[in-house]
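Understanding the architecture of this molecule
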Amino acid sequence: MQNEAKSLLILIDGLGDEPNSKIGGLTPLEFAATPYIDRLAAQGVVGQASICEQELIPESCSCILRLLGLPTEAMPKNRAYLELLAHNRDVAPDEMVLRCNLAVRDNNGRLVAFNGSGLTTGQMKQAAMVCNKLYDDIEFFHLSEYRNLLILKQEEAVLNCRVQPPHESLGESVDQLLAELKQSSSALAKLLEEAEKRLSVFNHDGLHYILYPWGASDRQALPSFTSLNGKSGGAVCKAEIVVGIAKALGMEVITPPTATGDIDTVVSDKVEAALELLKQHDFVIAHFNGSDEAAHRYDALGKAQFIAKIDQEFLGLLMRVYDNPLKIVVCGDHVTSSVNGKHGDGPVPIIAGAINMEIEGLKISSYKDILSFLLK
């Protein structure tokens, strides 16, 4: 008797893109060498659809939650709390969390980098230490590289403040971008002023390092993955937001020690983790964040090469060693343009198929078809 099919979602963050002159006028997926994705497509179906469908902001939190079965009305407003949860740190009901980038402005006060550009990983860690315990009523929580969180008492004005994401605000005035936030909280305004003074030891060549808080979030409970879908689930991931989502949904999480959340992650090590989770669970998501990071850096070639690495070192290896029925979808969560570095709500490529089993009548024209194929 054939084993019941399990399901694997290979989520290549920011897979959607646009033609780029740096790679011959092709998208990174079109440029990449992907023999195993092509094989899956030949046996299954290729489609495209917007995951956010203009209802949701095109970013990983809401789009990934949608692909894991969470209904629109249950979506959290912001993701900072889930990123904190990824590190097994919770907040009280009267607290809130903000994302906080180590960013860079120029001599004219214009935002020129959202990711600590010009500093090594070690220097970014030192910068985080410099910013720790700046203000008694605000906890500074370092995640990794340029990513940090701020934890403080809940203020309605801050929760309602909509600060533009730094990765979509390059070239704009920092004072204008953060004006409303500073007016909403005198404590945050004081922290940012003191942080810029302390971070000045890292300044060089006209680059000034600053903290850029945004995306305030309060404590938010989510239903379990099993209650949503009637199946057990596991996740292979490194990016804090995906780890936090999986933990909030009660999914088992494996993060290989070699995972980095960027294009230098050891892709093949995620296969072993996925195979281990498939032994225990009906559904597994394997998330790859480097493609999104590369696009934010306008690195179309790096994005294409990373997609090729996922194809050959993850999907290819898995297809060779897994011998039970398995439904597979390869897709993105949103568009990340390697031309302008921004997220978009346009359609993303979707490749759906199966190994060790036959599928018939499969069509992919919306995110609901992905859910139906993998989870119903």
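Okay, so let's go over this structure. Predicted model, so just to flag it, every value in this text is computed and none were measured.

1. Considerations on the overall build of the protein chain
- Summing up its helical and strand segments, the protein chain has 14 helices and 14 strands in all.
- Relative to a compact globule of 376 residues, whose C-alpha radius of gyration would be 21 Å, the protein chain shows 21 Å and is just as compact.
- Referenced to the eigenvectors of the C-alpha coordinate spread, the extents of the protein chain come out at roughly 65 × 50 × 35 Å.
- Per-residue burial for the protein chain yields a buried fraction of 57% across its 376 residues.

2. Observations regarding helix H8 (residues 186–199)
- In this model H8 runs 20 Å from its N-terminal to its C-terminal C-alpha over 14 residues, within 8% of the 20 Å that 1.5 Å per residue would give.
- When H8 is considered as a whole, its buried residues turn out to be Ala187, Leu188, Leu191, Leu192, Ala195 and Leu199. The buried side chains of H8 occupy one side of the element, clustering within an arc of 130 degrees when seen end-on. Along H8, exposed side chains directed more than 90 degrees from the buried face belong to Ser186 and Lys197.

3. Looking at the packing of aromatic side chains
- Tallied over the full model, the rule gives four aromatic pairs.
- With centroids separated by 6.5 Å and ring planes inclined at 65 degrees, the aromatic side chains of Phe288 and Phe306 adopt a geometry described as edge-to-face. Of the two residues, Phe288 sits in strand E10 (residues 283–288) while Phe306 sits in helix H13 (residues 300–321), which places them 18 residues apart along the sequence. Judged on exposure class, the residue Phe288 and its partner Phe306 are both buried.
- Ring centres of Phe288 and Phe314 lie 5.2 Å apart, and the angle between their planes is 75 degrees; on these two criteria the pair is classed as edge-to-face. Of this pair, Phe288 sits in strand E10 while Phe314 sits in helix H13; the two residues are 26 residues apart in sequence, bridging distant segments of the chain.
- For Phe288, a relative accessible area of 0% gives the class buried.
- In textbook terms, an aromatic cluster arises when at least three aromatic residues are bridged by ring pairs, as seen for Phe288, Phe306 and Phe314.
- When the ring centre of Phe288 is taken as origin, the NZ or CZ atom of Lys270, which lies over that ring, is 4.6 Å away.
- Here Lys327 stacks its cationic end above the ring of Phe373, 5.5 Å away from the centre of that ring.

4. Concerning the pairing of strand E14 (residues 348–355)
- For E14, the tally of buried residues reaches seven of eight residues, placing the bulk of the element in the interior.
- Bridge count for strand E2 (residues 45–49) against E14 is five bridges, and the pairing is antiparallel. Along E14, the bridge assignment pairs Gln48 with Pro349.
- Relative to E14, strand E11 (residues 326–331) is paired through six bridges, and the arrangement is antiparallel. Pairing of Leu326 across the sheet is with Ile355, part of E14.

Reading the values: rules and limits
Residues numbered from 1 in each chain as written. Predicted model: local features only at pLDDT ≥ 70, side-chain atom pairs only at ≥ 80, totals over all residues. Heavy atoms only, no water. Helix = DSSP H or I, 4+ residues; strand = E, 2+ residues; numbered from the N terminus. Rg over C-alpha atoms; globule rule 2.2 N^0.38 Å. Buried < 20%, exposed > 50% of the residue type's maximum accessible area, 1.4 Å probe, protein only. Expected span 1.5 Å × (residues − 1). Arc of directions from axis to C-beta. Phe/Tyr/Trp six-rings, centres within 6.5 Å; stacked < 30°, edge-to-face > 60°. Lys NZ or Arg CZ within 6 Å of the ring centre and 35° of its normal. Pairing = 2+ DSSP bridges.

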